[in-house]
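Chain by chain, the residues:
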Amino acid sequence: MSTVLITGAATGIGNLTAKALARAGHRVFATMRDPEGRNAPRARELRDLATAEGADLRVVELDVTSQESADAAVRAVTADGGELDVVVHNAGHLLVGYVEAFTAEEIARLIDVNTLGVQRLNRAVLPYLRGRGRGTLLYVGSTIPVTTPPFLGPYVVSKAAMDSLALVTSYEVSQFGIETVIVMPGAFTQGTDHFPKAGRASGTAVAEAYAALDPLVARNEAATESLFPPGTDADPVVVAEEIARILALPYGERPFRSVVDLTDSKVEEASAAVTEARTDFVRRMGFGEVLELRHHG
């Protein structure tokens with residue numbers, strides 16, 4: 001079993017994943033912002049579960065918008081010779097609205113959480129993983145860079161950037177024995193705080209200029225729900241279960257990508273085609289080794 005650090009474990013997929021991995025026997029460090037303050041009830045729920053079920057599940061503070069916080073969280077996990085095997089990048093936020101209505105600063109703040117937060121934690125943990133010569137970076141990405149729905153512009157941008165960051169990082173860290181997994185959840189309209197806590201644009205005057213499109217935005221959730229075949233139980237716990245399945249596989253044999261999409265949106269086919277083109281391109285450059293995991297030790 002592995003020692004796993006998960007970001008954004010207060011709610012949604014991160015919370016479900018922390019529970020699933022702890023129940024599977026992993027040693028789990030569930031991280032969140034302000035676990036002794038505004039997230040205290042969520043932290044308490046996880047600690048109570050650990051006590052009730054005898055699971056090795058601990059809560060650690062981590063704000064992915066702070067390098068100092070990321071460094072401190074990794075130190076907390078690895079203190080006194082403790083090991084860290086897997087990092088699950090899950091923290092994220094959603095913005096809904098017309099692209100023009102968002103200021104560049106608002107979009108930058110979303111990218112700061114959804115994309116640069118990944119970079120901060122990687123910078124905190126990679127020196128440790130490189131020293132060990134092994135480890136797994138598991139990113140909870142999204143099918144959204146492929147499906148690209150309207151009215152979620154800043155979010156699409158941030159998740160596409162995160163996917164690219166995970167990909168190009170994988171080339172380099174693979175040569176130090178560190179494997180990469182990108183899990184791509186499809187659309188989910190329940191079981192997470194994404195839609196209920198979604199941010200909106202500050203540019204209300206600009207938004208009013210797009211008022212003719214308001215009826216389309218108003219049925220965004222309903223439109224997303226219509227993608228699911230009748231009778232589908234669109235519970236995001238399936239993402240947590242897939243992450244648990246992947247981490248049960250032997251190190252070095254885990255898939256680079258895994259699509260968890262209940263809407264049948266042809267993402268697997270699109271990803272396979274892009275992967276084939278990318279792999280061919282990199283190999284023709286003479287850099288084929290970065291596509292393979294180099295085992296150390």
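Figured I'd write up the structure that's included with this text. (Residues numbered from 1 in each chain as written. Predicted model: local features only at pLDDT ≥ 70, side-chain atom pairs only at ≥ 80, totals over all residues. Heavy atoms only, no water.)

### Things to note about the sheet that holds strand S1 (residues 3-6)
The strand order across the open sheet built from 7 strands is S3-S2-S1-S4-S5-S6-S7, with neighbouring strands paired in parallel fashion. The strands lining the two open edges of the sheet, one partner per strand, are strand S3 (57-61) and strand S7 (257-260). Direction aside, neighbouring strands of the sheet carry axes that sit 20° apart on average. Two strands pair when backbone bridges link them, and strand S2 (residues 27-32) and S3 are joined in this way by 5 bridges, in the parallel orientation. The residue of S3 that forms the bridge with Val28 is Leu57. Helix-sheet contacts for helix H3 (residues 67-78) involve S1, S2 and S3, and the interaxial angle to S3 is about 150°. (Pairing = 2+ DSSP bridges. Helix = DSSP H or I, 4+ residues; strand = E, 2+ residues; numbered from the N terminus. Axes fitted to C-alpha atoms, helices over the stretch in contact; angles between N-to-C directions. Contact = heavy atoms within 4.5 Å.)

### As for the nonpolar core
Among the nonpolar cores identified, the biggest contains 33 residues, and Ile6, Leu21, Leu57, Leu138, Val183 and Ile243 are the most heavily contacted of them. Per-element accounting of this core gives the leading share, 5 residues, to helix H10 (residues 237-248). When near neighbours in sequence (up to four residues on either side) are disregarded, Leu138 contacts Val87, Val88, His89, Val181, Val183, Ile243, Ile246 and Leu247. Counting 29 residues, the second-largest nonpolar core is a separate cluster that includes Phe29, Leu84, Ala124 and Val125. (Core = buried A, V, L, I, M, F, W, Y, C linked by side-chain atoms within 4.5 Å. Buried < 20%, exposed > 50% of the residue type's maximum accessible area, 1.4 Å probe, protein only.)

### Some points on the pairing of S1
Residues Thr3 and Leu5 point to one face of S1 and Val4 and Ile6 to the other, with burial holding for every one of them. Relative to S2, S1 runs parallel, the two being bridged by 4 bridges. What sits directly across from Val4, in S2, is Val28. Viewed along the sheet, the connection from S1 through helix H1 (residues 12-23) into S2 turns out right-handed. (Right-handed = clockwise from strand over helix to strand, strands pointing away.)

### Focus on unusual backbone geometry
Even without glycine at this site, Thr148 takes up a positive phi of about 45°. In this structure Thr148 comes out as partly exposed when scored by relative accessible area, which is 44%. One non-glycine residue, Phe151, lies in positive phi territory at about 70°. Residue position: Phe151 is located in the loop between helix H5 (144-147) and helix H6 (153-173). Classification of Phe151 by relative accessible area gives buried; the value is 18%.

### So, the packing of aromatic side chains
This structure, assessed with the given rule, holds 2 aromatic pairs. Between Tyr98 and Phe151 the ring centres are 6.0 Å apart and the planes differ by 90°, which places this aromatic pair in the edge-to-face class. Taken as a pair, Tyr98 in the loop between strand S4 (86-89) and helix H4 (104-132) and Phe151 in the loop between H5 and H6 lie far apart in primary sequence, 53 residues in all. We note that Tyr98, like Phe151, is buried. Here the aromatic cluster, defined as three or more aromatic residues joined through ring pairs, consists of Tyr98, Phe151 and Tyr210. (Phe/Tyr/Trp six-rings, centres within 6.5 Å; stacked < 30°, edge-to-face > 60°.)

### A look at the side chain of Arg120
Secondary-structure assignment places Arg120 in helix H4. One polar contact links Arg120 to Asp112, side chain to side chain, over a distance of 2.5 Å. Other than its neighbours up to four places away in sequence, Arg120 contacts Val64, Thr65, Ser66, Gln67, Ala70 and Asp112. (Polar contact = N/O pair within 3.5 Å; in protein donor to acceptor, adjacent residues only side chain to side chain.)

### A short note on empty space enclosed by the protein
Going through the model one piece at a time under the given rule, you end up with 2 cavities of 30 Å³ or more. Size it by volume and the largest cavity reaches roughly 60 Å³. Lining the largest cavity, in full, are Thr7, Val64, His89, Asn90, Ala91, Val113, Gly117, Val118, Leu121 and Met162. Taken together, the residues of the lining of the largest cavity sort by class into 6 nonpolar, 4 polar and no charged. (1 Å grid on protein atoms, 1.4 Å probe; cavity = no way out; pocket = protein on both sides within 12 Å on 5 of 7 lines; lining within 4 Å. Points joined across faces, edges and corners; volume = space filled by probe spheres on them. Nonpolar A, V, L, I, M, F, W, Y, C, P; charged D, E, K, R; others polar.)

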